[in-house]
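What follows is each chain in one-letter form.
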Amino acid sequence: MPFPFDISATDGRARTGLLRTPRGDIRTPAFMPVGTAATVKALTVGQVEQTGADILLGNTYHLMLRPGPERMERLGGLHRFMRWDKPILTDSGGFQVMSLSGISKLTEEAVTFSSHVDGSKHVLTPERSIEIQADRLGSDIVMQLDECVAWPAEESRAREGMELSARWAKRSKAAFGSRDAQALFGIQQGSTFEHLRRESSDRLQDIGFDGYAIGGLAVGEGHAAMCEVLDYAPEMLPADRPRYLMGVGKPVDLVEAVWRGVDMFDCVLPTRAGRHGQAWTWAGPINLKNARFAEDEEPLDPEVPCPASQDYSKAYLHHLVRTDEILGKVLLSWHNIAFFQALTAAMRAAIAEGRFEQFRRDFHARHVSNGR
Ligand SMILES: O=c1nc[nH]c2cc3[nH]c(NCCN4CCCCC4)nc3cc12
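Residues numbered from 1 in each chain as written. Predicted model: local features only at pLDDT ≥ 70, side-chain atom pairs only at ≥ 80, totals over all residues. Heavy atoms only, no water.

How do you make sense of the packing of helix α7 (residues 155–176) against helix α8 (residues 194–207) when you look at a structure like this?
Between two packed helices, both the angle of their axes relative to each other and the distance between the axes serve to describe the pair. Running from amino to carboxyl end, α7 crosses α8 at an angle of 10°, the nearest separation of the two axes being 10 Å. Considering the angle they form, α7 stands roughly parallel to α8. Touching Glu-155, Ala-158, Arg-159, Met-162, Glu-163, Ala-166, Arg-167, Ala-169, Lys-170 and Lys-173 of α7 are His-195, Leu-196, Glu-199, Ser-200, Arg-203, Leu-204 and Ile-207, all from α8. The residue makeup of the contact of α7 with α8, split by class, is seven nonpolar, two polar and eight charged. (Axes fitted to C-alpha atoms, helices over the stretch in contact; angles between N-to-C directions. Helix = DSSP H or I, 4+ residues; strand = E, 2+ residues; numbered from the N terminus. Parallel < 35°, antiparallel > 145°, perpendicular 65-115°, else oblique. Contact = heavy atoms within 4.5 Å. Nonpolar A, V, L, I, M, F, W, Y, C, P; charged D, E, K, R; others polar.)

Here it is, written out as structure tokens:
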């Protein structure tokens, strides 16, 4: 039985709902903070929970290298290890192998690679990735192993990657078997070719998954090209199951993707950019390193319920960023995650009240064009 996904309202192509899992409900549209190596960088799980996040993302690639799958299982699994008892979605590792480990080889059977940490050899097959995610880490939502083709791709290369991913989808489903307390998502591929994405979607649906991810995007194609794919890709996937856009993105990416029917997101940007002084606010992105904030005693964004925006001035945050203080990284990571949660909460409310079109217009006027 797949996790119940109750869509409570739609507004155009946008949906808002509840994905119900044994470890808790996920309000959609949902943003998943990235907890790469069993931590959302610079934040405690208590702080992450305070932002309103219902679910975190963990990376199989990083966790299989350190602390390792079997050690993680001996320590009670990822939830117990990091003291996060709400849902966790894990990526399957293939994308990180291609983007992080220098040496890797992709065959029909597996992806083999050398660790970027110590050069040790590792093998990931669809079956091993499922075993690590579902049985060693104990994740609630498991991703199939796939191949994310680099952009731009020749159509023949995009087809090869899409077809390999479809064959690996079948092997992932067979390895996952039928489980009540965990879900398995398939990943749509096909780069920027509509007919390949259609074929990918049809093959995934023939196999049957609890949810469907849109892969192969946020790989350098840019916002406009991504939106062109999202003009058709989400609706090729079943309307009654969650649609998850992997690796996305900036606030404007989330708004435009929700507008086109996407329900779930993950991205390292809020925490990574936060560590480098960038803060997102309702009035647009700003970088606190900028000298103009040196004596600015205004709060960062009074509408965002977090210490950085409620208790401190921009001048203080500017100082912390300029001196590269740890507290600056903590406060801005906290603020950005809180902003992304406030953004998805505002979108859920706008869809529920049938005013998402107005929300989208206001957002562009206030957040995008302003871009101070
Ligand atoms: O096709 C995918 N299959 C499995 N996992 C993925 C993860 C992805 N992450 C991204 N993009 C991440 C972009 N991000 C933006 C902020 C800076 C770091 C990189 N595309 C993805 C596609 C996939």
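Which parts of the structure should I look at to understand the sheet that holds strand β8 (residues 111–114)?
Strands in a sheet are paired, the pairing made by backbone hydrogen bonds, and the direction either parallel or antiparallel. Pairing is antiparallel in the open sheet, where three strands are placed in the order β7-β8-β9. For this open sheet the edge positions go to β7 (104–106) and β9 (121–124), each flanked by a neighbour on one side alone. Averaged over all neighbouring strand pairs, the angle between strand axes comes to 15°, with direction disregarded. Across four bridges, the pairing between β8 and β9 is antiparallel. Bridging across to β9, Phe-113 finds its partner in His-122. (Pairing = 2+ DSSP bridges.)

Which parts of the structure should I look at to understand the side chain of Asp-266?
Mapped onto the fold, Asp-266 is located in strand β14 (residues 264–267). No salt bridge is formed by the buried Asp-266. Its closest oppositely charged neighbour is Arg-272, at 9.9 Å. A polar atom in the side chain of Asp-266 sits 2.7 Å from the side chain of Tyr-244. Of the polar contacts made by the side chain of Asp-266, one reaches the backbone nitrogen of Gly-247; its length is 2.8 Å. What Asp-266 contacts, discounting residues up to four positions off in sequence, is Phe-31, Met-32, Val-34, Leu-57, Tyr-244, Leu-245, Met-246, Gly-247, Val-248 and Gly-249. (Buried < 20%, exposed > 50% of the residue type's maximum accessible area, 1.4 Å probe, protein only. Lys, Arg positive; Asp, Glu negative; His and termini not counted. Salt bridge = Lys/Arg side-chain N within 4 Å of Asp/Glu carboxyl O. Polar contact = N/O pair within 3.5 Å; in protein donor to acceptor, adjacent residues only side chain to side chain.)

Please clarify how the packing of aromatic side chains should be interpreted in this entry.
For any pair of aromatic rings, the description rests on two quantities: the centre-to-centre distance and the angle between the ring planes. Taken as a whole and assessed by the stated rule, the structure comprises twelve aromatic pairs. With a centroid separation of 6.5 Å and 90° between ring planes, the pair formed by Trp-282 and Phe-359 is classed as edge-to-face. In this pair, Trp-282 is assigned in the loop between β15 (278–281) and β16 (284–287) and Phe-359 in helix α15 (residues 356–368), connecting sequence segments 77 residues apart. What makes Phe-359 buried here is its relative accessible area of 11%. Ring centres of Phe-359 and Phe-363 lie 6.3 Å apart, and the angle between their planes is 20°; on these two criteria the pair is classed as stacked. A residue pair is termed a helical-turn pair when its members lie 3 or 4 positions apart in one helix, as Phe-359 and Phe-363 do in helix α15 at four residues. For Phe-363, a relative accessible area of 3% gives the class buried. A network of ring pairs unites the aromatic residues Phe-31, Trp-259, Trp-280, Trp-282, Phe-339, Phe-340, Phe-356, Phe-359 and Phe-363 as a single cluster. In this arrangement the basic side chain of Arg-179 is found over the ring face of Phe-176, its NZ or CZ atom lying 5.1 Å from the centre. (Phe/Tyr/Trp six-rings, centres within 6.5 Å; stacked < 30°, edge-to-face > 60°. Lys NZ or Arg CZ within 6 Å of the ring centre and 35° of its normal.)

Coordinates in, geometry out; function isn't part of it.
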